[in-house]
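Observations on the three-dimensional arrangement
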Amino acid sequence: MNTPRPAQNTAPHAAQNTAEAIVGTLIAHGVKALYALPGVHNDHLFDALFKASDHIGVIHARHEQGAAYMALGAALATNRPSAYAVVPGPGLLNTGAALLTAYSMNAPVLGLIGQIPDADIGRNIGHLHEIRDQAGIIARLVDFSTRVKTPAEAASLTAEAIASMYAGRRGPAVLECAIDMWGRPGAGPAQGPLPSPEPAIDEDAVAAAAKLLGAAKSPLIVCGGGAQDASAEVTALSAMLQAPVLGYRRGRGVLDSRDPLSVTLPLGHDLWGEADVVLGVGTRLYYPFQQWGVDDDLAVIRITSDPEEPARVHPPAVALIGDEAPILRRLIDALPGHSAKRPPRAGEMRERQARWNTRFEKLAPQLSYLEAIRAELPEDGILVDEVTQMGFVARLAYPVYRPRTFLSPGYQDNLGWGFATALGVQHARPGAPVVAISGDGGFMFTANELATAVRHRIPLVAVVFNDGAFGNVRRIQAERYGNRLIASDLANPDFLKFAESFGAAAERAKDPASLRAALKRGLARRDGPTVIEVPVGPMPSPWEFIHMPKVRA
Ligand SMILES: Cc1ncc(C[n+]2csc(CCOP(=O)(O)OP(=O)(O)O)c2C)c(N)n1
Ligand SMILES: [Mg+2]
């Protein structure tokens, strides 16, 4: 099934006040950790968490953005509901970029946000942490948000908020709760997950899609983040149709990179120009529509959970709305009646990919380090990327073997997301080896969370590629602005001493072979974080492989 419904979990305990009802409801949804930063507005919440500590842990971060990014990482690694709690006003705003990213990535993150005294909300008195129209600000960031206005509704609103994260366009939700509401008695018992009926599948649309795909001469499948839980189905359909599968950024790993029908972005670009039918699964088809072009000779089929998505840019021939995996299963069932037998395309794709791989050789500095990481990360190991030279190339060429093992920030592409998000990934998947890659610029956005990693013994391995610069910006200034370098050089700490001063393990690796050795040691260490600094020079530009010209009118 595509969208794991929140599991019934531990025994709900009798709820007494608002905070206890909310905490009990989180527990009843299988939420085992709350990523948080406390403050007076939420003291009752933390007291409820103290009392429930046999069932739910609190991971306290050093900055609210760290808490929210960790919740995002936990959600992305598992597709299970995850939650964070912060104070209102500055606390909320400090989580803004992470919440925005959770929205962009359709991640099931629940924010629990404090509020000023209930009776004063909207009066602009100037209470501690008061912000004008907090609810309005939140409503611009997430699809579902509300304030808990009585203890009696606390449990049901929490269950509703969590259900909303998996319904329609998936994504985060927020509950606000006033400083004097958390502790108010009279809440009902905790509530388990609401029933989540599978939306009916449009059988006429399935038949139309099967007919188009069955008759296609040159079908192409494009996967986005929404296909991550439909790997088996995409793999089966690709084999039946002998259709190549393009995944870039969030679509990587849906089809195993070792499958010859799995193609990288530039080959996908070539194939887009040749295709007669394209099936987009859980993707906005952003690069194809915005950069590669689309015309009437191409029949586009969309499968997406967001009912508004298909009509946004280019009306498709067929749109199927709902969870990707069950829809794909129906499509696979409907196909044999329609499908032409096609010759195998594995050999052709291997050869065409090999030609692109030869061109990728200009990215050798990045590729050699990524090869070292791939060699040390086992099949289920997770790589969290960043907005850095290494990240850009990883999205193109790092081999990904399984779904949800390559995490890339999607269209926000927000510098500084990686390290703290990876901490949440590692915390939620303690048995999986996790590596975060970042540049010296991105790492320093949340490097303070090394303290959180040490305090909570999170065994993340963070590789920091240090070029002493916002390298991407510097290269653009050098190449396109006559080398007028401005605001792109960085004064860095000694990353080894810095990491060690937190109590983290630290190593410096000067080449890919020493990175492999350092990774081996770091991944073996399971009681705390490791930072590996890799000093690097300027890197070759990957952009010619990412921003490619129109191939259709
Ligand atoms: C939140 C945010 N701010 C700014 C940017 C613009 N930006 C993109 S790449 C980059 C520099 C990255 O530097 P670093 O992390 O050191 O990676 P490098 O390019 O040097 O490998 C900047 C500032 C961004 N993508 N996101
Ligand atoms: Mg840099």
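Treat the numbers as computed from the prediction; the structure is a model and nothing was measured. Along each chain, residues carry numbers from 1 onward, in the same order as the chain's sequence is written. Each chain is given a letter, starting from A, and each ligand a number, starting from 1, according to the order in which they appear as written. Two thresholds apply to this predicted model, a pLDDT of at least 70 for residue-level local features and 80 or more for giving and counting side-chain atom pairs, whereas whole-chain, interface and lining totals are computed over all residues. With hydrogens and water set aside, each side-chain value is computed from the structure's full complement of heavy atoms.

1. Some remarks on the overall build of the protein chain
- By the criteria applied, helices consist of DSSP H or I runs no shorter than four residues and strands consist of E runs no shorter than two, each listed in order from the N terminus. Looking only at helices and strands, the protein chain has 21 helices and 18 strands in total.
- Here the protein chain has a C-alpha radius of gyration of 24 Å; the compact-globule value for 553 residues is 24 Å, and the two agree.
- A principal-axis box enclosing the C-alpha atoms of the protein chain has dimensions of 70 × 60 × 45 Å.
- Each residue gets one of three labels from its accessible area relative to the maximum for its type: buried under 20%, exposed over 50%, partly exposed in between, using a 1.4 Å probe on protein chains only. Within the protein chain, the proportion of its 553 residues that are buried is 58%.
- Accessible areas in this description were obtained via Shrake-Rupley with a 1.4 Å probe; residue shielding takes into account the shown protein chains only. When the accessible surface of the protein chain is totalled, it reaches about 20,700 Å², and 54% of it is carbon and sulfur.
- Between the mean site of the 53 positive side-chain charges and the mean site of the 56 negative ones, the protein chain shows a separation of 3 Å. Restricting the calculation to C-alpha atoms gives the radius of gyration, and the globule rule supplies 2.2 Å times the number of residues raised to the power 0.38. When charges are counted, Lys and Arg are positive and Asp and Glu negative, with His and the chain ends excluded. To locate a charge, take atom NZ for lysine, CZ for arginine, CG for aspartate or CD for glutamate.

2. Structural notes on the side chain of Glu176
- For Glu176, the position within the fold is in strand 6 (residues 173-178).
- Of the side chains with opposite charge, Arg147 comes closest to the buried, unpaired Glu176, at an N-O distance of 4.7 Å.
- At 2.9 Å, the side chain of Glu176 forms a polar contact with the side chain of Gln115.
- Contacts are residue-level and defined by heavy atoms, with any inter-residue pair within 4.5 Å sufficient. Among residues more than four places away in sequence, those in contact with Glu176 are Ile113, Gln115, Gln134, Ala135, Ile138, Thr146, Arg147 and Val148. Salt bridge, as used here: a side-chain nitrogen of Lys or Arg that lies within 4 Å of a carboxyl oxygen of Asp or Glu. Contacts described as polar in this section are N or O atom pairs within 3.5 Å, which, within protein, must combine one atom able to donate a hydrogen with one able to accept it, while residues neighboring in sequence count only if both atoms come from side chains.

3. Here we look at the packing of helix 9 (residues 231-241) against helix 12 (residues 324-334)
- Two numbers describe how helix 9 lies on helix 12: the axes approach to 9 Å, and their chain directions differ by 25 degrees. In terms of orientation, helix 9 lies roughly parallel with respect to helix 12. Considering how the two elements wind past one another, helix 9 and helix 12 form a crossing that is left-handed. Between helix 9 and helix 12, the contacting residues are Glu233, Val234, Ala236, Leu237 and Met240 on the first element and Ala325, Leu328, Arg329, Leu331 and Ile332 on the second.
- Residues are grouped as follows: Ala, Val, Leu, Ile, Met, Phe, Trp, Tyr, Cys and Pro are nonpolar; Asp, Glu, Lys and Arg are charged; every other residue, Gly included, is polar. In the contact of helix 9 with helix 12, the residues fall into 8 nonpolar, no polar and 2 charged. For every element, the axis is a line fit to its C-alpha atoms; helices are fit only across the contacting stretch, and the angle between N-to-C directions ranges from 0 to 180 degrees. Our angle categories are set so that under 35 degrees counts as roughly parallel, over 145 as roughly antiparallel, 65 to 115 as roughly perpendicular, and the remainder as oblique. Crossings are sorted by hand: turned counterclockwise from the far helix by less than a right angle, the near helix makes the crossing left-handed, and turned clockwise it makes it right-handed.

4. Side note on unusual backbone geometry
- The backbone phi angle of Arg457 is positive, close to 50 degrees, even though this residue is not glycine.
- The topology assignment puts Arg457 in the loop between helix 18 (450-455) and strand 16 (461-466).
- Residue Arg457 is classed as exposed on the basis of its relative accessible area, which comes to 56%.
- The phi angle at Asn483 is positive, at roughly 60 degrees, despite the residue not being glycine.
- Following the sequence through the fold, Asn483 ends up in the loop between helix 19 (471-480) and helix 20 (495-502).

5. Brief notes about the site of ligand 1
- If a single non-hydrogen atom of a residue is within 4 Å of a molecule or strand, that residue counts as near it. Neighbouring ligand 1 are 16 residues, the closest being Gln389, Asp440, Gly441, Gly442 and Gly471.
- Contact distances for ligand 1 include 2.8 Å between an oxygen atom and a side-chain N or O atom of Gln389.
- Backbone polar atom of Gly442 to an oxygen atom of ligand 1: 2.8 Å apart, as the coordinates give it.
- Bound to the protein, ligand 1 loses 75% of the 590 Å² it would expose on its own.
- Only helix 17 (440-446) and helix 19 provide two or more residues apiece to the shell around ligand 1.
- Among the residues forming the shell around ligand 1, the class breakdown is 5 nonpolar, 8 polar and 3 charged.

6. Things to note about the sheet that holds strand 13 (residues 382-384)
- For two strands to be treated as a pair, DSSP must find at least two bridges joining them. The sheet built from 6 strands is open, its strands ordered 14-13-15-16-18-17 with parallel pairing. The sheet terminates laterally at strand 14 (406-407) and strand 17 (505-508), the two strands that pair on one side only.
- Here 3 bridges tie strand 13 to strand 15 (residues 434-439), and the two strands are oriented parallel to one another. Its bridge partner lying in strand 15, Ile382 is registered against Val434.
- The sheet contacts of helix 20 involve strand 16, strand 17 and strand 18 (530-535), and relative to strand 17 the element is tilted by about 170 degrees.
- Relative to strand 16, helix 21 (residues 512-524) is tilted by about 150 degrees, and along the sheet it contacts strand 15, strand 16, strand 17 and strand 18.

7. A few points about the coordination of the magnesium ion (ligand 2)
- The rule for donors is simple: N, O or S, within 2.8 Å of the metal, or within 3.2 Å if the metal is Na, K or Ca. Water isn't counted, so a site may look like it is missing partners. The coordination sphere of the magnesium ion (ligand 2), as far as protein atoms go, consists of Asp440 (OD), Asp467 (OD) and Ala469 (O), spread over 2.1 Å.
- Of note, the magnesium ion (ligand 2) draws all its donor residues from one chain, in the sequence arrangement D-x26-D-x1-A.
- Residue classification places Ala469 among the buried residues on the basis of a relative accessible area of 3%.

8. A word on the pattern of salt bridges
- For the structure on display, the rule yields 32 salt bridges.
- Each of Arg302, Asp306, Glu308, Glu309 and Arg312 takes part in a single network of salt bridges with overlapping partners.

9. Things to note about the nonpolar core
- Here, nonpolar core refers to any group of buried Ala, Val, Leu, Ile, Met, Phe, Trp, Tyr and Cys residues whose side-chain atoms link them within 4.5 Å. Residues Leu279, Leu331, Ile373, Val435, Ile437 and Leu515 are the most contacted members of the largest nonpolar core, which totals 88 residues.
- Beyond its immediate stretch of four places on either side in the chain, Val435 contacts Ile373, Leu377, Ile382, Leu383, Val384, Leu460, Val461, Val463, Leu519 and Leu523.
- Ranked by size, the runner-up nonpolar core spans 55 residues in total, among them Ile59, Tyr84, Ala453 and Ala504.

10. Looking at the confidence of the model for the protein chain
- Here pLDDT means the predictor's own confidence in every residue, given as a number from 0 to 100. Chain-level pLDDT for the protein chain is 96 on average; 97% of the residues reach the 70-or-more range.
- Predicted confidence is poor over residues 1-13, with pLDDT under 50, and the contacts of this stretch with residues over four places away or in other chains come to 50 contacts.

11. Re the pairing of strand 11 (residues 299-304)
- Here strand 11 lies mainly inside the structure; 6 of its 6 residues are buried.
- The alternating pattern of strand 11 places Ala299, Ile301 and Ile303 and Val300, Arg302 and Thr304 on opposite faces, both of which are buried.
- Each parallel crossover has a hand, and for strand 10 (residues 277-281) linked through helix 11 (residues 286-292) to strand 11 it is right-handed.
- Across 4 bridges, the pairing between strand 11 and strand 12 (residues 318-321) is parallel. Handedness of a crossover is defined as follows: with both strands directed away from the viewer, a clockwise route from the first strand across the helix to the second makes it right-handed.

12. Considerations on the sheet that holds strand 10
- Taken together, 6 strands build an open sheet; the order of strands is 9-8-7-10-11-12 and the sheet is parallel. Looking at strand neighbours, the two that pair on one side only are strand 9 (262-263) and strand 12, the edges of this open sheet.
- One ladder, built from 5 bridges, connects strand 10 with strand 11; its direction is parallel. Residue pairing across strands places Leu279 opposite Ile301, the latter belonging to strand 11.
- Packing of helix 12 onto the sheet brings it into contact with strand 10, strand 11 and strand 12, and relative to strand 11 it is tilted by some 135 degrees.

13. A word on the environment of Gly418
- The topology assignment puts Gly418 in helix 16 (residues 418-428).
- Judged by relative accessible area, which is 1%, Gly418 ranks as buried.
- Each C-alpha atom of the pair Gly418 and Thr446 lies 8.5 Å from the other, and the pair is 28 residues apart in sequence.

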